[in-house]
There are 2 protein chains.
Amino acid sequence: MTAPAPFAEIWRGPFLESVHSGHAVICDATGQIVDAWGNPDLVVLPRSSSKMIQALPLVRSGAADAFGLTTRQLALACASHQGAQIHVDSVGDWLKGLGLGDDDFRCGTEESRDRAVMEAQIRAHEKPCRIHNNCSGKHAGFLTLTKHLEGGPDYTNPDHPVQRACLEAFEDVTQQTSPGFGIDGCSAPNYAATLHGVARAMAHFAAASDDSPEARLHQAMRLHPELVAGEGRACTELMKACDGKVALKTGAEGFFIAILPEKGLGIALKAACGTSRAAEAAIAALLVRLGVLDANHPATLKRINAPIKNWDGLVTGVLKPAAGLL
Amino acid sequence: MTAPAPFAEIWRGPFLESVHSGHAVICDATGQIVDAWGNPDLVVLPRSSSKMIQALPLVRSGAADAFGLTTRQLALACASHQGAQIHVDSVGDWLKGLGLGDDDFRCGTEESRDRAVMEAQIRAHEKPCRIHNNCSGKHAGFLTLTKHLEGGPDYTNPDHPVQRACLEAFEDVTQQTSPGFGIDGCSAPNYAATLHGVARAMAHFAAASDDSPEARLHQAMRLHPELVAGEGRACTELMKACDGKVALKTGAEGFFIAILPEKGLGIALKAACGTSRAAEAAIAALLVRLGVLDANHPATLKRINAPIKNWDGLVTGVLKPAAGLL
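Residues numbered from 1 in each chain as written. Chains lettered and ligands numbered in written order. Predicted model: local features only at pLDDT ≥ 70, side-chain atom pairs only at ≥ 80, totals over all residues. Heavy atoms only, no water.

Peer 1: What should I look at first to understand the state of the cysteines in this one?
Peer 2: Note on terminology: disulfide describes a covalent bond linking the sulfur atoms of two cysteines. Residues and elements named next belong to chain B. Enumeration over the complete set of coordinates arrives at 0 disulfides over all chains. Not engaged in a disulfide, the cysteine Cys135 finds its nearest cysteine sulfur in Cys186; these two sulfurs lie 4.0 Å apart. Cysteine Cys166 is unpaired, with the sulfur of Cys186 as its nearest cysteine sulfur at 10 Å. The class of Cys166 is buried, set by a relative accessible area of 2%. (Disulfide = S-S within 2.5 Å. Buried < 20%, exposed > 50% of the residue type's maximum accessible area, 1.4 Å probe, protein only.)

Peer 1: I'm lost on empty space enclosed by the protein in this one. Help?
Peer 2: In this approach a probe as big as a water molecule rolls over the atoms, and the regions it shows empty are the leftover space. Residues and elements named next belong to chain A. According to the stated counting rule, one finds 3 cavities of 30 Å³ or more in the structure shown. As a volume, the largest cavity reaches approximately 50 Å³. Forming the boundary of the largest cavity are Lys51, Gln54, Ala55, Leu58, Ala77, Lys138, Gly141, Phe142 and Leu145. Elements supplying a minimum of two residues to the lining of the largest cavity: helix H1 (51-54) and helix H7 (136-149). (1 Å grid on protein atoms, 1.4 Å probe; cavity = no way out; pocket = protein on both sides within 12 Å on 5 of 7 lines; lining within 4 Å. Points joined across faces, edges and corners; volume = space filled by probe spheres on them. Helix = DSSP H or I, 4+ residues; strand = E, 2+ residues; numbered from the N terminus.)

Peer 1: Can you walk me through the packing of aromatic side chains in this structure?
Peer 2: Given two aromatic rings, one states the distance between the centres and the angle between the planes to describe the pair. Residues and elements named next belong to chain A. For the structure shown, the criterion picks out 6 aromatic pairs over all chains. Ring geometry for Phe170 and Tyr191: centres 6.1 Å apart, planes at 45°, overall tilted. Of this pair, Phe170 sits in helix H8 (residues 161-174) while Tyr191 sits in strand S6 (residues 189-191), placing them 21 residues apart in sequence. One aromatic cluster in this structure is built from Phe170, Phe181 and Tyr191. Here the guanidinium or amino end of Lys320 rests over the ring plane of Trp11, the centre of that ring lying 4.8 Å away. (Phe/Tyr/Trp six-rings, centres within 6.5 Å; stacked < 30°, edge-to-face > 60°. Lys NZ or Arg CZ within 6 Å of the ring centre and 35° of its normal.)

Peer 1: Any chance you could explain unusual backbone geometry here in plain terms?
Peer 2: Across the chain, the bulk of peptide bonds are trans and the bulk of non-glycine residues have phi less than zero. Phi angles above zero are rare outside glycine, and A:Glu253 is one such case at about 60°. As for its placement among the helices and strands, A:Glu253 is situated in the loop between strand S8 (247-251) and strand S9 (255-260). One non-glycine residue, B:Asp243, adopts positive backbone phi at about 55°. Tracing the sequence through the fold places B:Asp243 in the loop between helix H12 (234-241) and strand S8 (247-251).

Peer 1: For this particular structure, what's the right way to read helix H5 (residues 85-97) of chain B?
Peer 2: Two residues of an α-helix separated by three or four positions point the same way, owing to the 3.6 residues in each turn. Residues and elements named next belong to chain B. Between its first and last C-alpha, H5 extends 18 Å over 13 residues, near the 18 Å set by a 1.5 Å rise per residue. All of the buried residues in H5 are His87, Val88, Ser90, Val91, Trp94 and Leu95. Considering only its buried residues, H5 is in contact with helix H4 (71-77), helix H7 (136-149) and helix H11 (225-228). One or two positions beyond H5, positive phi appears at Gly99, with a value near 70°. (Expected span 1.5 Å × (residues − 1). Contact = heavy atoms within 4.5 Å.)

Peer 1: Help me understand the side chain of B:His87 in this model?
Peer 2: Residue and element names in this part refer to chain B. Relative to the helices and strands, His87 resides in helix H5. Judged by its relative accessible area of 1%, His87 falls in the buried class. Among the polar contacts made by the side chain of His87, one reaches the main-chain carbonyl oxygen of Ala229 at a distance of 3.4 Å. With residues up to four places along the chain from it excluded, the contact list for His87 reads Leu76, His81, Gln82, Glu226, Leu227, Ala229 and Gly230. (Polar contact = N/O pair within 3.5 Å; in protein donor to acceptor, adjacent residues only side chain to side chain.)

Peer 1: When you look at the relation of the copies chain A and chain B in this model, what are you seeing that I'm missing?
Peer 2: Note on the chain copies: they are related by a rotation about an axis and a translation along it. The two copies are related by a screw motion: chain A maps onto chain B through a turn of 180° and a shift of 0.0 Å along the axis, at an RMSD of 0.0 Å. Classification of the inter-copy transformation places it as that of a two-fold axis. Relative to the rotation axis, the closest C-alpha in chain A is found at A:Arg123, a distance of 2.6 Å. Interface overlap between copies: 100% of the residues of chain A at the interface are likewise at the interface in chain B, consistent with a symmetric, same-surface contact. (Least-squares fit on C-alpha atoms with pLDDT ≥ 70 in both.)

Peer 1: What exactly am I supposed to notice about the layout of surface pockets here?
Peer 2: Size it by volume and the largest pocket reaches roughly 960 Å³. Along the wall of the largest pocket there are 40 residues; nearest its centre are A:Arg277, A:Trp311, B:Arg47, B:Ala252 and B:Glu253. Residue assignment for the lining of the largest pocket shows that the elements contributing at least two residues are strand S1 (5-12), helix H13 (276-289), strand S11 (306-309) and strand S12 (315-321) of chain A together with H12, S8 and helix H13 (276-289) of chain B. In terms of residue count, the dominant contributor to the lining of the largest pocket is S11(A) (4 residues).

Peer 1: Is there a simple way to think about helix H8 (residues 161-174) of chain B in this case?
Peer 2: Residue and element names in this part refer to chain B. When the terminal C-alpha atoms of H8 are compared, their 20 Å separation across 14 residues agrees well with the 20 Å that a helix rising 1.5 Å per residue should span. Three or more residues of H8 are buried, namely Val162, Gln163, Ala165, Cys166, Ala169, Phe170, Val173 and Thr174. Mapping the buried residues of H8 onto a view down its axis gives an arc of 155°, with all of them on the same face. Turned more than 90 degrees from where H8 packs its buried face, Arg164 and Glu168 sit exposed. The inward-facing, buried residues of H8 contact helix H1 (51-54), helix H2 (56-60), H7, strand S6 (189-191), strand S7 (193-194) and helix H9 (195-207). Remark: Gln175 follows H8 within two positions and exhibits a positive phi of approximately 55°. (Arc of directions from axis to C-beta.)

Peer 1: Where do I start with the interface of chain A and chain B in this structure?
Peer 2: Interface size is often expressed as the accessible area that is lost when the parts come together. Between chain A and chain B, the residue contacts involve 48 residues of the former and 48 residues of the latter. For the pair chain A and chain B, the two sides together bury roughly 3700 Å², of which 53% comes from carbon and sulfur. Contact with chain B buries area across many residues of chain A, yet A:Phe15, A:Ile122 and A:Trp311 alone supply 20% of it, more than any other trio. Taken together, the connections running from chain A to chain B amount to 6 salt bridges. Taking the shortest distance from any N to any O, the salt bridge between B:Glu253 and A:Arg277 comes out at 2.8 Å. At the boundary of chain A and chain B, one finds 30 residue pairs in polar contact (both at pLDDT 80 or more). For the side of chain A that touches chain B, the secondary-structure elements that each account for two or more residues are S1, strand S2 (15-28), helix H6 (115-123) and strand S5 (181-183) of chain A. (Buried area = accessible area lost by both parts, 1.4 Å probe. Salt bridge = Lys/Arg side-chain N within 4 Å of Asp/Glu carboxyl O.)

The structure is reproduced here in structure tokens:
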């Protein structure tokens, strides 16, 4: 097994304090590896980085059109949003349009990661709902497909038609038989593939023709970066910094993917230790490498060569991307 | 340079999702290495794991006795507390006793990590103060020593008598000339040593005679585990699980130390990637290995072989300690 490659270094004063390593693959539209670091054959769970694959049956089945879903709703279906008002309101409207309520979601409750919403809930002595869960947009998509397929309420069950359709789409775009699944944070199955397989899936999205379901999804993500994550978040800020040319999606445990339609390339990467700061540094470095992200953009400099500040605002160190990624 | 050794594995369903590695040293009272994993000569910043060393001048100088400090105050001087009411009240009384206020602290402000205090502040539209900073107990110690030494207000400056005394104590107990420092989260200098040097310092504390300043500090920590961290936290829960026989202290970026007076041993470890879950798993595994922690205690099982639950409370995976540590 190939060892993980250097991803990032955390320096404090003159000392190297922590190090991150990981695995990354850049794939072209033919499915061939253009560049790789670490082990392309590593079996991974892409977690929320696979949300556009999980949204594919929603479009392919005709459900998205039957329910008149907008590009905003398609972006939310691919999102790990932070439960800001814009996300809660948009998913709420969608849910209402389906004639459903919070109890119909099969994801758990999660406190909003948006400071204003979180504080408002605390002041009102309200408990977080399932709609605040970062995956509620994906689940609104699942519920829409459930209605379209006339499936039962238990739509996170691997045997449910929605999840069977997700597996079929996953194996189609990764061009692999999945070796199985883990249960995700939101209780849906998350299918495994090799890192190469996930990168190949992203290249497949990148190369898909303009009116294909794949293209409609990555276009929606690129049109609405603020819906895919939220203010201050890596996906949102880096998509804006790439001028809408790249669709980006993070996943739990240090996952990140990129879809680059203009170049017909896909990227999948995984920080071995599962930390977001390592995955964010690595994706920013690779986007700079490919010439689609300005190394000096503030959104870039927040993730690589990022000053680390302490409680009093003093700069105490820096996060440097590994030279091999740039 | 010796590569880091396996520390922990994160499994999700049947898949190994993330891996952690790091460096660890167990040292005896003569300063010799009893056991080591990874690189004992790694230069590290022990961060908050060195707080009992930073509190040593407070006792050695006679300041602690001159100001009549209690064991509770000595425990707080060594603490990274979570800003619960018990911590804020205790540090507040100490500060008041010195005739000082929140503005005299040189640490920045930090939101309380205690849910009740955090919510109360949000409801009252109050901003966090410096006293809520997890290091405010250490800083109350610094202010006490400043008074005793008649130093100026800028007590986090490396040239201030307080920090010069901290460096002297650090080099004394690590038995090394420090190669320099980084600025810590609370703006105080944090001196570097090899991991072996830090483990040697902890063994020095462990072997110190009963009425020595070193013993007074680790006794205070073991007497008041709830003051050293707080409810639910690793230091507090594992110290209780060890029946007060071991002093434990975490540090930022994946550091952990243990002082074992009955065995005359010290432990220092550092997760290479800087994550707390890896450091907590490793220290729990080593305490089990040394026979001072029950492998089946709930506090142990929260850190190793810990079920990972999702937003809906479903068990989705497990954190397993590396076999080599046990």
